[in-house]
Amino acid sequence: MDITKQNFLEQLPSIRQAIQNATFFAMDCEFTGLASDRTIFPFDTPEEVYLKMVENSPPYIIVQFGLCAFRVEPPSEEEEEEKKDGQPRVSYQCYNFYCYPKGRTNVFSCQGESMRFLADNGFDFNRLFREGLSYANETEEQRYRADLKDRQATRAANILAAAESDLTEEEPKVGEVNDVNMIPVPPEHQQQVDDTAASIEEFLQSDRQELIVGSCNAFQRKLIYQMIEQRYQRKVSTSTVSLENNQKAIKVERKRSTEEEQALDEQRRTRENDDLETSVGLSLVLQELAKARKLIIGHNMLLDLFYVLRQFFKPLPADYQEFKKLTKEYFPLLLDTKYLCTNAEIKVNVNSSVLAHVYDAVSKAPFSIPTVHPELPDYQYSVDDEKKHEAGYDAYLTGLCFLGLVSKFKANLLQLPKDPNLKHYLNRIFITRLTDVNYIYLNGKEPTQTREHIFYATFPETWRTGDIQNKFKPFGPVHVSWLDNTSAFVALHNRSAASSVLKMIGYHSGFKVYNFAQFTQMKLQRPGAKRGRNGSSSASPGEDAGVRSAQPVNQRPSGEEKGQKEGQKIERPQTITTAAKRKGTDEATPPTQADKDAAAATATKDDEHDNDEDNGGGWRTVKKARKTFTDNNDW
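Residues numbered from 1 in each chain as written. Predicted model: local features only at pLDDT ≥ 70, side-chain atom pairs only at ≥ 80, totals over all residues. Heavy atoms only, no water.

The protein is annotated in an unreviewed UniProt entry as Poly(A)-specific ribonuclease RNA-binding domain-containing protein from Anopheles merus. Under the Sequence similarities (unreviewed entry) heading, UniProt states for the protein: "Belongs to the CAF1 family." (UniProt positions renumbered as here; feature names shortened; annotations may be inferred.)

Rendered as structure tokens:
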């Protein structure tokens, strides 16, 4: 079901009820842009990745939030009798929230390619801009509520003060100044104030029920309210109304009794409270989700989590451990199906971790997806009617993939967080690009990996992969991870040979090799470098530091940005194609599929497949041969 500001208040109670009744959730988001990962290196630590994201991420926002609440119930007695192995009944309710900030002070960034991608996939921008739900982080919500409480308290006090003044005999004199905070009327507005006063006098002499004073801005309304309070506080009552063109106006009526004023104020409070709920909007749903403290499933969910926390709760901390603490405070049980796909048993049958490919794989043996039933027709999706890249549909598909994947373990759907097979995957958030420790572990420290077998090499721009491999040939097979046209990481398969590399490596003009410890020190010694921040940036060409400066994320050369969504193709400049040829492709040889992939990236936020994508920004990941691993650590 699509949720906008038009039906939000009506649906909010049922949304809260669905969250309270759910067993687990699946979520997905669509953004105005994707945080650049071009500064992330294959052997960065998860902490370095997080700090780079915090420092380099522009203020992109979520514009569509998908939430699918799955409810698992034990089989009924009749089902148990009919079927000895009766399966639990799984039902769901799906919501697709349009999200757009309210007010003039809210400013956000857009990434051109991401916006075009959404448009290509049928995103309804008119609905977003006109009907999108507002939101507020915790600080903004507290301010909204405090301001409203003060306004309502002041209004109630004024009603009581007016009632008490009615008991006195003395009538205030026209023009008498009874408020030290009165605003002097500027000469250019005096005529309008006088004309309004004359209209009120005429109204009091007539039989009309009300007088509407419009065609004035907020300051002019303030002057008119001030004049009415000064001259007519015992004769008329006022209230603010909205005209058909959404312009504010003042409604003037004959003086109401104190009881009538209080009854009218109570109605106004109700409207204001509803307006406040609409202003906080989607944040109320996320707050309810956080209160539930239930399992939440996502696919490649690091960006989703990153944006949700920043947009609806608090600014992201600069400290990595504080980020983990903050995440668990709101969402204590998370599972990333992208990381679940790294399981050795699953990888045998799931060759691609792209969401749609995962669904195709788990739709057949040895996996099985239980039948899921929509609780109401309005809340359903169907894989027969694909709506790819609509957040609600992708959340639904993520939930189905999860159900299919855990069928491999024969997991108890009624006790998912306690399932021993899933324990290893809880609160591990997948990180694309990293070679060894490719996840953030929210429950503790990630395992440390030795880097003794990894070397950082700089070389002439004319070199190809074969040239680098020839230099390292005495030490056995190597894996080359290109950074740009003149630098790469080289990982030895024979780790025992690592101690000999710096002693025995041959000399070549412009060719330098550093072990990983030296590379780390060079990062830290660069001017302005901070530990874990921009640390993977490189020095200028010609510097001995050997690491090139990373392209700022907000200054992307035209055509070099990686395609961020499935089906999104970007033509590469000729220089990139030439660079690809230098890396082992003969100019006379027709381009292979890998070369074509390097020229047009088609990965998505949730579909960035390990070693199956061109990395953008001058990066190129060398593809690895597929194999079956004995366990996840081996993988």
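Still more to cover.
K.L.:
So what's going on with the overall build of the protein? Which residues, and what values?
P.N.:
Helix and strand counts for the protein come out as 21 helices and 17 strands. Relative to its full complement of 635 residues, the protein shows a buried share of 50%. In the protein, the proportion of contacts linking residues at least 24 apart, taken out of those at least 6 apart, comes to 76%. Total accessible area on the protein is roughly 31300 Å²; 47% of this is exposed by carbon and sulfur atoms. (Helix = DSSP H or I, 4+ residues; strand = E, 2+ residues; numbered from the N terminus. Buried < 20%, exposed > 50% of the residue type's maximum accessible area, 1.4 Å probe, protein only. Contact = heavy atoms within 4.5 Å. Areas by Shrake-Rupley, 256 points an atom, 1.4 Å probe, with all protein chains shown as cover.)

K.L.:
I'd love a proper account of the side chain of Arg221, names of residues and values included.
P.N.:
Assignment of secondary structure puts Arg221 in helix α8 (residues 218-232). The side chain of Arg221 is buried and forms no salt bridge, while Glu272, the nearest opposite charge, is found at 13 Å. Each residue touching Arg221, except ones within four places of it in the same chain, is listed here: Cys216, Lys248 and Ile250. (Lys, Arg positive; Asp, Glu negative; His and termini not counted. Salt bridge = Lys/Arg side-chain N within 4 Å of Asp/Glu carboxyl O.)

K.L.:
Before we move on, can you summarise the nonpolar core with the specific residues and values?
P.N.:
Membership of the largest hydrophobic core comes to 69 residues, with the highest contact counts inside it found for Phe65, Phe97 and Phe331. Per-element tally for this core: the top contributor is helix α11 (residues 302-312), with eight residues. Non-local contacts of Phe97, meaning those with residues more than four positions away in its chain, are made with Ile3, Ile15, Val63, Gln64, Phe65, Leu67, Leu133, Leu282 and Val285. In terms of nonpolar packing, the next biggest core, distinct from the first, is built from 45 residues, Val372, Tyr393, Val406 and Ala411 among them. (Core = buried A, V, L, I, M, F, W, Y, C linked by side-chain atoms within 4.5 Å.)

K.L.:
Outline the pairing of strand β13 (residues 454-458), supporting the account with residue identities and numerical values.
P.N.:
Judged by how many residues are buried, β13 sits mostly within the fold: five of five residues are covered. Neither face of β13 is open: one carries Ile454, Tyr456 and Thr458, the other Phe455 and Ala457, and all of them are buried. Summarising the sheet, β13 and strand β15 (residues 487-492) pair through five bridges and their orientation is antiparallel. Its bridge partner being in β15, Ile454 is matched across the sheet by Ala491. With four bridges connecting them, β13 and strand β16 (residues 512-515) associate as antiparallel partners. (Pairing = 2+ DSSP bridges.)

K.L.:
Break down the packing of helix α1 (residues 8-21) against helix α10 (residues 282-292) for me, with residues and values.
P.N.:
Closest axis-to-axis distance for the α1/α10 pair is 10 Å, and the angle between their directions is 15°. One element, α1, and the other, α10, form an angle in the roughly parallel class. Like other packed secondary-structure pairs, α1 and α10 cross with a definite hand, here right-handed. Contacts between α1 and α10 involve Phe8, Leu12, Ile15, Arg16, Ile19 and Gln20 on the former and, on the latter, Leu282, Leu284, Val285, Glu288, Leu289 and Ala292. For the contact of α1 with α10, the class distribution of residues is nine nonpolar, one polar and two charged. (Axes fitted to C-alpha atoms, helices over the stretch in contact; angles between N-to-C directions. Parallel < 35°, antiparallel > 145°, perpendicular 65-115°, else oblique. Left-handed = near helix turned anticlockwise from the far one by under 90°. Nonpolar A, V, L, I, M, F, W, Y, C, P; charged D, E, K, R; others polar.)

K.L.:
Any details on the sheet that holds strand β6 (residues 236-242)? Residues and values, ideally.
P.N.:
With antiparallel pairing, the three strands of this open sheet are ordered in space as β5-β7-β6. A strand with exactly one partner marks an edge of an open sheet, and here the two such strands are β5 (210-213) and β6. Across the sheet, the mean angle separating the axes of adjacent strands is 25° when strand polarity is ignored. Here seven bridges tie β6 to strand β7 (residues 248-254), and the two strands are oriented antiparallel to one another. Looking at the pairing, Ser239 lines up with Lys251 of β7. Strand contacts of helix α7 (residues 187-204): β5, β6 and β7, with the helix running at about 165° to β5, the strand carrying the most contacts. Its contacts with the sheet put α8 on β5, β6 and β7, and the angle it makes with β6 is roughly 165°.

K.L.:
Pulling in residues and values, what's your account of the packing of aromatic side chains?
P.N.:
Centre-to-centre distance and the angle between the planes together describe a pair of aromatic rings. Scanning the entire structure with this criterion turns up 39 aromatic pairs. Plain terms: the ring middles of Tyr339 and Tyr439 are 4.9 Å apart, the flat faces sit at 55° to each other, and that makes the pair tilted. Within this pair, whereas Tyr339 is found in helix α13 (residues 337-340), its partner Tyr439 is found in strand β12 (residues 439-441), the two being separated by 100 residues in sequence. Neither residue differs from the other here; Tyr339 and Tyr439 are each classed as buried. One aromatic cluster is present, formed by Phe24, Phe70, Tyr92, Tyr381, Tyr393, Tyr396 and Phe402 through successive ring pairs. (Phe/Tyr/Trp six-rings, centres within 6.5 Å; stacked < 30°, edge-to-face > 60°.)

K.L.:
So what's going on with α8? Residues and values would help.
P.N.:
With 15 residues, α8 extends 20 Å between its outermost C-alpha atoms, agreeing within 8% with the 21 Å of an ideal straight helix rising 1.5 Å per residue. Turning to α8, its buried residues number three or more, namely Gln220, Arg221, Leu223, Ile224, Gln226, Met227, Ile228, Gln230 and Tyr232. Where α8 is buried, its residues contact α7, β5, β6 and β7. Of the residues flanking the start of α8, the one acting as N-cap is Asn217, its side-chain oxygen 3.1 Å from the backbone nitrogen of Phe219. (Expected span 1.5 Å × (residues − 1). Polar contact = N/O pair within 3.5 Å; in protein donor to acceptor, adjacent residues only side chain to side chain.)

K.L.:
Go over the side chain of Thr196, please, and point to the residues and values.
P.N.:
Its location among the elements puts Thr196 in helix α7. In this structure the side chain of Thr196 is engaged in a polar contact, spanning 2.9 Å, whose partner is the backbone oxygen of Gln192. When near neighbours in sequence (up to four residues on either side) are disregarded, Thr196 contacts Val213, Ile224 and Met227.

K.L.:
Give a detailed account of the confidence of the model for the protein, specifying residues and quantitative values.
P.N.:
Residues with a pLDDT of 70 or more make up 78% of the protein, whose mean pLDDT is 79. Here helix α20 (residues 574-582) stands out as the least confident element of the protein, with mean pLDDT 37; strand β8 (residues 295-298) is the most confident, with 96. Low pLDDT (under 50) marks residues 531-635, which in the prediction has 246 contacts with non-local residues, meaning those over four places away or in another chain. (pLDDT = per-residue confidence, 0-100.)

K.L.:
Hey, could you go over the pattern of salt bridges for me, with residue numbers and the actual values?
P.N.:
One pass over the structure, following the stated rule, counts 14 salt bridges. Between Arg127 and Glu131 there is a salt bridge, with its nearest N and O atoms 3.6 Å apart. Remark: Glu131 and Arg127 occur in helix α5 (residues 125-131); sequence separation between them is four residues, near one turn of the helix. With its nearest N and O atoms 2.9 Å apart, the salt bridge here joins Asp436 to Arg451. Of this pair, Asp436 sits in the loop between β11 (428-430) and β12 while Arg451 sits in the loop between β12 and β13, and the two are 15 residues apart along the sequence. Of the residues examined, Asp436 reaches a relative accessible area of 25% and is grouped as partly exposed. Bridged by salt links that share partners, the residues Asp2, Arg127 and Glu131 form one connected network.

K.L.:
Kindly report on the pairing of β15, identifying the contributing residues and their values.
P.N.:
In regular strands, side chains alternate between the two faces of the sheet. Where burial is concerned, most of β15 is hidden: six out of the six residues are buried. Here β15 shows a buried face lined by Ser487, Phe489 and Ala491 and a second buried face lined by Ala488, Val490 and Leu492. In terms of strand pairing, strand β14 (residues 478-484) meets β15 through six bridges, oriented antiparallel. When the bridges of β15 are listed, Val478 appears paired with Leu492. Between β14 and β15, which pair antiparallel in sequence order, lie two residues.

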